Amino acid sequence: MQATLSRLGQLAGRIAAAAGVGVRRQFTNSSSNGAGGKASLLQMFRVPLRSSLLAATLGLGAFGRPTAAASFASSPAIIDQVTFKEMGLLSWLIVDVAIQWGGWAVSAALKTDKFYDMLGTGSFAALSVGSLLAARSIHARKIAATAFVAAWAVRLGGFLVVRVLKTGHDSRFDEAKHKPLTFWVYWTMQAVWVFTTLLPVLLLNSSSTGGPAALLWSDFVGAAVYATGLVVEATADGQKFSFKMDPANK
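Residues numbered from 1 in each chain as written. Predicted model: local features only at pLDDT ≥ 70, side-chain atom pairs only at ≥ 80, totals over all residues. Heavy atoms only, no water.

Remarks on the overall build of the chain
Here is step 1: The helix and strand inventory of the chain stands at nine helices and zero strands.
Here is step 2: Counting every position in the chain, which comprises 250 residues, the buried fraction comes to 41%.
Here is step 3: Look at the contacts in the chain between residues 6 or more apart in sequence, and 83% of them connect residues 24 or more apart.
Here is step 4: With the model as given, the accessible surface of the chain reaches about 12,500 Å², and the carbon-plus-sulfur share is 68%. (Helix = DSSP H or I, 4+ residues; strand = E, 2+ residues; numbered from the N terminus. Buried < 20%, exposed > 50% of the residue type's maximum accessible area, 1.4 Å probe, protein only. Contact = heavy atoms within 4.5 Å. Areas by Shrake-Rupley, 256 points an atom, 1.4 Å probe, with all protein chains shown as cover.)

Quick look at the structure:
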């Protein structure tokens, strides 16, 4: 079992390394292209991604390779090469998997479920905003779609984090968090969920145009449907949580 966990930890580290290599050379030509403003935004956005990729390397230390983990985590290959420039869908998938496997490595080592929903919803915000900032062109439709995803992720993520902190645990993982391989399956499925659900926005932001730059009447209809769904979801979550927290309903 120890050997298996060690190999999985090493694999998490390699995914982080692959993500670093896949997204390097962010702004080698940004100065000549007059992209200073965009560069500064992306430089700011590097921090959460870089942290998530470094978290994946903790799998090495958590499961039997502390020396390798320390060496890998301090490597310029990770810190200096994690950049954004025209990332393809495969690169975003690598980033997604790196975040989830990094979360799994830390959570399995600590036997906690506190990070699961936080990193799941956080990945939606990180990948959508990251793909927008890395886009060849940015226009109203891309900004609107990205903002909708980010707002939903913040709302849902905030609720789920507050819920798990108040209840003290997530019953879905009462047994799984003590079984690293089972727990890894949950985290991997979350990576699949994030990427497949977010794929339309990633495709939109990665395209050279993404349709008409100006918003159309159908966009406003879509925004109304989105707002209605967001309100209904938030109301339902609040009502269900209040019901479950009431001792009279135990």
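Observations concerning the nonpolar core
Here is step 1: Of all hydrophobic cores here, the largest spans 21 residues; its most connected members are Trp-92, Phe-124, Leu-127, Leu-198 and Leu-202.
Here is step 2: Sorting the residues of this core by element identifies α5 (89-110), α6 (116-133), α7 (140-167) and α8 (180-206) as the ones contributing at least two each.
Here is step 3: With seven residues, the top contributor of residues to this core is α7.
Here is step 4: If sequence neighbours within four positions are ignored, Leu-127 has contacts with Trp-92, Val-95, Asp-96, Ile-99, Leu-198 and Leu-202.
Here is step 5: In terms of nonpolar packing, the next biggest core, distinct from the first, is built from eight residues, Ala-108, Tyr-116, Ala-176 and Trp-187 among them. (Core = buried A, V, L, I, M, F, W, Y, C linked by side-chain atoms within 4.5 Å.)

Considerations on unusual backbone geometry
Here is step 1: Not every positive phi belongs to a glycine, and Lys-111 is a case in point at roughly 55 degrees.
Here is step 2: Relative to the helices and strands, Lys-111 is located in the loop between α5 and α6.

Points about the layout of surface pockets
Here is step 1: Here the largest pocket defines a volume of roughly 370 Å³.
Here is step 2: As for the largest pocket, its lining consists of 16 residues, of which Arg-163, Thr-167, Ser-171, Phe-241 and Lys-244 are closest to the centre.
Here is step 3: Looking at the lining of the largest pocket, the elements with two or more residues in it are α7 and α9 (217-245).
Here is step 4: Of the residues contributing to the lining of the largest pocket, the split by class is five nonpolar, three polar and eight charged. (1 Å grid on protein atoms, 1.4 Å probe; cavity = no way out; pocket = protein on both sides within 12 Å on 5 of 7 lines; lining within 4 Å. Points joined across faces, edges and corners; volume = space filled by probe spheres on them. Nonpolar A, V, L, I, M, F, W, Y, C, P; charged D, E, K, R; others polar.)

A look at the packing of aromatic side chains
Here is step 1: Evaluation of the coordinates by the stated rule reveals seven aromatic pairs.
Here is step 2: Measuring from centroid to centroid gives 5.0 Å for Phe-124 and Trp-152, while their planes differ by 90 degrees, and the two rings are edge-to-face. One end of the pair, Phe-124, is in helix α6; the other, Trp-152, is in helix α7, and 28 residues separate them in sequence.
Here is step 3: Phe-124 sits in the buried class, given a relative accessible area of 2%.
Here is step 4: Each ring, one from Phe-124 and one from Trp-193, has its centre 4.9 Å from the other, and the planes form 75 degrees; the classification is edge-to-face. In this pair, Phe-124 is assigned in helix α6 and Trp-193 in helix α8, connecting sequence segments 69 residues apart.
Here is step 5: An aromatic cluster is defined as three or more aromatic residues linked by ring pairs; in this entry it consists of Tyr-116, Phe-183 and Trp-187. (Phe/Tyr/Trp six-rings, centres within 6.5 Å; stacked < 30°, edge-to-face > 60°.)

Details of the environment of Tyr-186
Here is step 1: Residue position: Tyr-186 is located in helix α8.
Here is step 2: Residue classification places Tyr-186 among the partly exposed residues on the basis of a relative accessible area of 33%.
Here is step 3: Expressed as a C-alpha distance, the spacing of Tyr-186 and Ala-176, which sit ten residues apart in the sequence, is 8.4 Å.
Here is step 4: When near neighbours in sequence (up to four residues on either side) are disregarded, Tyr-186 contacts Tyr-116, Arg-172, Phe-173 and Ala-176.

Regarding α5
One turn of an α-helix holds 3.6 residues; hence residues three or four places apart share an orientation.
Here is step 1: Given a rise of 1.5 Å per residue, 22 residues ought to cover 32 Å, and the 32 Å separating the end C-alpha atoms of α5 matches this to within 8%.
Here is step 2: One or two steps after α5, the chain reaches Lys-111, where phi turns positive at roughly 55 degrees. (Expected span 1.5 Å × (residues − 1).)

So, the side chain of Asp-117
Here is step 1: Residue placement: Asp-117 occurs in helix α6.
Here is step 2: In terms of polar contacts, Asp-117 uses its side chain to reach the side chain of Arg-172, at 3.2 Å.
Here is step 3: Sequence-distant contacts of Asp-117, defined by excluding residues within four places in its chain, comprise Gly-122, Leu-160, Arg-163, Asp-170 and Arg-172. (Polar contact = N/O pair within 3.5 Å; in protein donor to acceptor, adjacent residues only side chain to side chain.)

A short note on the pattern of salt bridges
Here is step 1: A complete count under the given rule lists five salt bridges for this structure.
Here is step 2: Between Asp-113 and Lys-177 there is a salt bridge, and its shortest N-O distance comes to 3.6 Å. Linking Asp-113 in the loop between α5 and α6 with Lys-177 in the loop between α7 and α8, this pair joins segments that are 64 residues apart in sequence. Grouping residues by exposure puts Asp-113 and Lys-177 together as buried.
Here is step 3: Across the pair Arg-155 and Asp-237 runs a salt bridge whose closest N-O atoms are separated by 2.8 Å. Taken together, the residues Arg-155 in helix α7 and Asp-237 in helix α9 connect sequence positions 82 residues apart. When sorted by exposure, Arg-155 lands in the same class as Asp-237, which is buried.
Here is step 4: Through salt bridges with shared partners, a single network forms among Arg-155, Glu-233 and Asp-237. (Salt bridge = Lys/Arg side-chain N within 4 Å of Asp/Glu carboxyl O.)

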